[in-house]
Amino acid sequence: METRVVEGKLGASGMKVAIIAGRFNAFIVDRLVQGAVDALTRSGALAADIAIYRCPGAFEIPQVARRVAEAGGVDAVVCLGCVIRGATPHFDYVAGEAARGIGELARTARCAITFGVLTTENIEQAVERAGTKAGNKGFDAAMAAIEMVSLLRQIDDRAG
Ligand code: INI
């Protein structure tokens, strides 16, 4: 008997996705949003099925993401933000709460939740991850969401 491998497929057609984006460090986060929208639409999602929610900063992302996920009607919530250590003495609190809150939500939500919050030492590292030499983490978080929606559906279909 063959080993059963269950894995997500990468098509996004028909998928409804919410992007939660912090305004803080907007010059970076806007690039992540562009990357995420690019990944979704190039994978078949309709622009009209993507909603972007902007909140003040990374600290607020988990609260908004939870509300959106609990309101229903979305297959995935992609969380995007940027916390730069050099720019704030409370980096660990903001970055920690964002990661903890999004992680907690991911473990309890019915829909897919992905993490595209940059936590970097300096602006240069953030720029590198927002569409330059280290890729675009917004794009990556959206691709992870597409994969997770497909994987979760397959798991639900087998259980049902
Ligand atoms: N929010 C960020 O998203 N990134 C940061 O680098 C940052 N810094 O540097 O402080 C930041 N702070 C704001 C925070 O997320 C909240 O919006 C604020 O504390 C109000 O609750």
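Scroll up for the structure.
Values in this document were obtained by computation on a predicted structure and should not be read as measured data. (Residues numbered from 1 in each chain as written. Predicted model: local features only at pLDDT ≥ 70, side-chain atom pairs only at ≥ 80, totals over all residues. Heavy atoms only, no water.)

Student: So what about the pattern of salt bridges? Which residues, and what values?
Tutor: Enumeration according to the criterion identifies 13 salt bridges in this entry. A salt bridge links aspartate 49 to lysine 16, with the nearest nitrogen and oxygen atoms 3.2 Å apart. Here aspartate 49 is found in the loop between helix 1 (26–42) and strand 2 (50–55), whereas its partner lysine 16 is found in the segment before strand 1 (17–22), with 33 residues between them in sequence. For lysine 16, a relative accessible area of 35% corresponds to the partly exposed category. Salt-bridge contacts for arginine 85 lead to aspartate 92; the nearest nitrogen and oxygen are separated by 3.6 Å. Salt bridges linked by common partners bring Arg85, Asp92 and Glu121 together as one network. (Salt bridge = Lys/Arg side-chain N within 4 Å of Asp/Glu carboxyl O. Helix = DSSP H or I, 4+ residues; strand = E, 2+ residues; numbered from the N terminus. Buried < 20%, exposed > 50% of the residue type's maximum accessible area, 1.4 Å probe, protein only.)

Student: Report on the sheet that holds strand 2, specifying residues and quantitative values.
Tutor: In any sheet, the strands associate via hydrogen bonds between backbone groups, in a parallel or an antiparallel arrangement. What the four strands build is an open sheet, ordered 2-1-3-4; its pairing is parallel. In this open sheet, the two strands that pair with only one neighbour each are strand 2 and strand 4 (112–120). Each strand axis lies, on average, 15 degrees off the axis of its neighbour in the sheet, ignoring direction. Where strand 3 (residues 76–84) meets strand 4, nine bridges bridge the pair, whose relative direction is parallel. Looking across to strand 4, one finds that leucine 80 is bridged to glycine 116. (Pairing = 2+ DSSP bridges. Axes fitted to C-alpha atoms, helices over the stretch in contact; angles between N-to-C directions.)

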